[in-house]
Amino acid sequence: FKNINIIFAITPCITDKMAGILQPLVRSNVAILTQKIALLDLLVSRYGNIKALDKFTTVCPILGASVGQHYRHSMDHVELTALIASS
(Lines give C-alpha, C1' and ligand atoms only; values in the text may rest on other atoms or scores of the structure.)
Protein backbone atom coordinates (compact mmCIF):
# COMPACT_ATOMS: atom_id res chain seq x y z
CA PHE A 1 0.00 0.00 0.00
CA LYS A 2 1.83 3.04 -1.29
CA ASN A 3 -0.11 5.73 0.57
CA ILE A 4 0.13 4.33 4.09
CA ASN A 5 1.09 7.76 5.44
CA ILE A 6 -2.29 9.11 4.35
CA ILE A 7 -4.05 6.65 6.66
CA PHE A 8 -2.01 7.82 9.62
CA ALA A 9 -2.44 11.49 8.68
CA ILE A 10 -6.24 11.30 8.56
CA THR A 11 -6.62 9.20 11.71
CA PRO A 12 -6.53 11.72 14.58
CA CYS A 13 -6.28 9.14 17.37
CA ILE A 14 -2.86 7.93 16.15
CA THR A 15 -0.02 9.84 17.78
CA ASP A 16 3.34 10.34 16.10
CA LYS A 17 4.84 7.72 18.44
CA MET A 18 2.10 5.21 17.57
CA ALA A 19 2.51 5.96 13.87
CA GLY A 20 6.24 5.32 14.20
CA ILE A 21 5.46 1.88 15.61
CA LEU A 22 2.51 1.02 13.43
CA GLN A 23 3.82 2.14 10.03
CA PRO A 24 6.51 -0.57 9.78
CA LEU A 25 4.04 -3.13 11.07
CA VAL A 26 1.41 -2.17 8.50
CA ARG A 27 4.00 -2.19 5.71
CA SER A 28 5.22 -5.60 6.81
CA ASN A 29 1.68 -6.99 6.99
CA VAL A 30 0.84 -5.60 3.56
CA ALA A 31 3.98 -7.23 2.14
CA ILE A 32 3.09 -10.58 3.73
CA LEU A 33 -0.49 -10.40 2.50
CA THR A 34 0.73 -9.48 -0.99
CA GLN A 35 2.91 -12.61 -1.00
CA LYS A 36 -0.03 -14.73 0.15
CA ILE A 37 -2.29 -13.36 -2.58
CA ALA A 38 0.47 -13.98 -5.14
CA LEU A 39 0.74 -17.59 -3.96
CA LEU A 40 -2.99 -18.14 -4.35
CA ASP A 41 -3.01 -16.44 -7.76
CA LEU A 42 -0.11 -18.63 -8.90
CA LEU A 43 -1.78 -21.82 -7.71
CA VAL A 44 -5.02 -20.96 -9.50
CA SER A 45 -3.34 -19.81 -12.71
CA ARG A 46 -1.07 -22.85 -12.85
CA TYR A 47 -3.53 -25.55 -11.79
CA GLY A 48 -7.05 -24.12 -12.09
CA ASN A 49 -9.51 -23.73 -9.23
CA ILE A 50 -10.10 -27.39 -8.37
CA LYS A 51 -6.47 -28.58 -8.47
CA ALA A 52 -5.31 -25.41 -6.68
CA LEU A 53 -7.76 -26.14 -3.88
CA ASP A 54 -6.45 -29.69 -3.71
CA LYS A 55 -2.84 -28.52 -3.52
CA PHE A 56 -3.75 -25.91 -0.89
CA THR A 57 -5.57 -28.41 1.36
CA THR A 58 -3.62 -31.66 0.92
CA VAL A 59 -1.61 -32.51 4.03
CA CYS A 60 2.10 -33.06 3.48
CA PRO A 61 3.05 -36.42 5.01
CA ILE A 62 6.44 -35.09 6.11
CA LEU A 63 5.25 -31.89 7.78
CA GLY A 64 1.83 -33.10 8.83
CA ALA A 65 0.07 -29.95 7.61
CA SER A 66 -1.21 -28.45 4.39
CA VAL A 67 -0.13 -25.26 2.66
CA GLY A 68 -3.45 -23.82 3.79
CA GLN A 69 -2.76 -24.71 7.43
CA HIS A 70 0.67 -23.05 7.27
CA TYR A 71 -0.95 -20.07 5.56
CA ARG A 72 -3.54 -19.76 8.35
CA HIS A 73 -0.92 -20.20 11.07
CA SER A 74 1.23 -17.42 9.62
CA MET A 75 -1.84 -15.18 9.58
CA ASP A 76 -2.22 -15.84 13.31
CA HIS A 77 1.22 -14.29 13.79
CA VAL A 78 0.27 -11.27 11.67
CA GLU A 79 -2.96 -10.76 13.60
CA LEU A 80 -1.32 -11.19 17.01
CA THR A 81 1.42 -8.70 16.16
CA ALA A 82 -1.13 -6.14 14.98
CA LEU A 83 -3.23 -6.67 18.10
CA ILE A 84 -0.25 -6.19 20.42
CA ALA A 85 0.97 -3.13 18.54
CA SER A 86 -2.46 -1.50 18.67
CA SER A 87 -2.86 -2.04 22.42
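Residues numbered from 1 in each chain as written. Predicted model: local features only at pLDDT ≥ 70, side-chain atom pairs only at ≥ 80, totals over all residues. Heavy atoms only, no water.

(A) Highlighting the packing of aromatic side chains. This structure, assessed with the given rule, holds 1 aromatic pair. Ring geometry for F56 versus Y71: centroids 5.3 Å apart, planes at 75°, classification edge-to-face. One end of the pair, F56, is in helix α2 (residues 16–57); the other, Y71, is in helix α3 (residues 67–86), with 15 residues separating them in the sequence. In terms of burial, F56 and Y71 fall into one category: buried. One cation-aromatic arrangement involves K55 over Y47; the distance from NZ or CZ to the ring centre is 4.6 Å. (Phe/Tyr/Trp six-rings, centres within 6.5 Å; stacked < 30°, edge-to-face > 60°. Helix = DSSP H or I, 4+ residues; strand = E, 2+ residues; numbered from the N terminus. Buried < 20%, exposed > 50% of the residue type's maximum accessible area, 1.4 Å probe, protein only. Lys NZ or Arg CZ within 6 Å of the ring centre and 35° of its normal.)

(B) Spatial organisation of the nonpolar core. Listed in full, the 5 residues of the largest apolar core are L43, A52, F56, Y71 and M75. Among the elements that line this core, the one with the most residues is α2, at 3 residues. Apart from the residues lying within four places of it in its own chain, the contact partners of L43 are G48, A52, K55 and F56. (Core = buried A, V, L, I, M, F, W, Y, C linked by side-chain atoms within 4.5 Å. Contact = heavy atoms within 4.5 Å.)

(C) Main features of a nonpolar patch on the surface. A surface patch of nonpolar side chains, about 320 Å² in accessible area, is lined by L80, L83 and I84. Examined against the element boundaries, L80 turns out to sit in helix α3. Look at L80 and you get partly exposed, because its relative accessible area is 48%. (Patch = residues over 30% accessible without salt bridge, like charges linked within 9 Å, V, L, I, M, F, W, Y side chains within 5 Å. Areas by Shrake-Rupley, 256 points an atom, 1.4 Å probe, with all protein chains shown as cover. Salt bridge = Lys/Arg side-chain N within 4 Å of Asp/Glu carboxyl O.)

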